[in-house]
Amino acid sequence: FVNIAHGRCSIPAPATGELLKGVPIAASDVQGELTTPTGAAIVSTLVDQFGPLPAMTISATGYGAGQSDFEHPNLLRLLVGETAIGVTGDQIVLLETNLDDTLGESIGYCVEKLWEAGALDVSTSALQMKKDRPGVLLSVQCRPTDADRLADIVFRETTTLGLRRSTVQRQTLARKTVQVSTAWGDVAGIVATLPDGSQRFSPEFAACREIADNQKVPLAEVYNAARQVWSNDE
């Protein structure tokens, strides 16, 4: 809480909260105001995106000191640098639950609905649970804004009574979609840029399968041909 002209108000103060629309905030154990309306206005105006500290090479560091006394040094730190080539970082939510009394068909249906609802990744793993019962670990990766909606799907489509929910750091490689021309036709794929600046090409399974089915050739041959064409073009 903080004392303002209108009395004792919860933090963030009304003006600060209004200015922080669309900006992610987090709780703190500090007893006092860490973000003022002025600071909120500066941050919400100048910053394009928010997230954890990325992998970077620091070129300069700056500090600004405040007058209030907290349990930690009252300092604002600014780091200036260049991010690592090809690597970006963000935060995602991981939803997990153990299932031992849900029909296999229901789990498969739930997975389908999670993909349709925008999950970043969905996976299942075999478990040995209490009373020697076989079970399934259902894991869902998603954007923080989608977590509640995807959790509702899991509760609706399975027999689970609870979900484990955690926020995790994710690192992703810069990527782009390309097409390569093989003797059987065009194949779409993804080119990822590794931290050392080198690139890696991965053909899309759906594109390779379509050619393999239509041309009656082994799937592995289509994969290898697409990789060879990309390698030669590079």
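Everything discussed here concerns the structure shown above.
Quick caveat: nothing in here was measured; it's all calculated off a predicted structure.

Asks: How should I be thinking about the overall build of the chain in this particular structure?
Replies: A count of helices and strands for the chain gives six helices and ten strands. For the chain, the C-alpha radius of gyration of 25 Å lies well beyond 17 Å, the compact-globule estimate for 234 residues. With the principal axes as the frame, the chain shows a C-alpha extent of 75 × 55 × 30 Å. Counting every position in the chain, which comprises 234 residues, the buried fraction comes to 27%. Partitioning the intrachain contacts of the chain with sequence separation of at least 6 by distance along the chain shows that 51% fall at a separation of at least 24. About 15,800 Å² of surface is accessible on the chain, with carbon and sulfur atoms providing 51% of the total. Distance between charge centroids for the chain: 4 Å, based on 19 positive and 28 negative side chains.

Asks: How do you make sense of the nonpolar core when you look at a structure like this?
Replies: Among soluble globular proteins, nonpolar side chains are generally buried collectively. If you look at the biggest cluster of nonpolar residues, it comprises 18 residues, and the most contacted ones within it are Leu95, Leu114, Val122, Leu138, Val140 and Leu150. Breaking this core down by element, the ones donating at least two residues are strand S5 (87-99), helix H3 (104-116), strand S7 (134-142) and helix H4 (147-157). Those residues within four positions of Leu95 in sequence are excluded, and the remaining contacts are Leu138, Ser139, Val140, Cys142, Ala147, Leu150, Ala151, Arg164 and Arg165.

Asks: For this particular structure, what's the right way to read H4?
Replies: Given 3.6 residues per turn, any residue in an α-helix points the same way as the ones three and four places further on. Considered for burial, the residues of H4 that qualify are Ala147, Leu150, Ala151, Ile153, Val154 and Glu157. Buried residues of H4 fall within an arc of 155° about the axis and therefore sit on the same side.

Asks: For this particular structure, what's the right way to read a nonpolar patch on the surface?
Replies: A contiguous nonpolar patch, built from Ile42, Val43, Leu46, Val47 and Phe50 and spanning about 420 Å² of accessible area, is present on the exposed surface. Relative to the helices and strands, Val47 resides in the loop between helix H2 (37-46) and strand S3 (56-65). A residue is classified by how much of its surface remains accessible, and Val47, at 32% relative accessible area, is partly exposed.

Definitions and cut-offs
Residues numbered from 1 in each chain as written. Predicted model: local features only at pLDDT ≥ 70, side-chain atom pairs only at ≥ 80, totals over all residues. Heavy atoms only, no water. Helix = DSSP H or I, 4+ residues; strand = E, 2+ residues; numbered from the N terminus. Rg over C-alpha atoms; globule rule 2.2 N^0.38 Å. Buried < 20%, exposed > 50% of the residue type's maximum accessible area, 1.4 Å probe, protein only. Contact = heavy atoms within 4.5 Å. Areas by Shrake-Rupley, 256 points an atom, 1.4 Å probe, with all protein chains shown as cover. Lys, Arg positive; Asp, Glu negative; His and termini not counted. Charge placed at Lys NZ, Arg CZ, Asp CG, Glu CD. Core = buried A, V, L, I, M, F, W, Y, C linked by side-chain atoms within 4.5 Å. Arc of directions from axis to C-beta. Patch = residues over 30% accessible without salt bridge, like charges linked within 9 Å, V, L, I, M, F, W, Y side chains within 5 Å. Salt bridge = Lys/Arg side-chain N within 4 Å of Asp/Glu carboxyl O.

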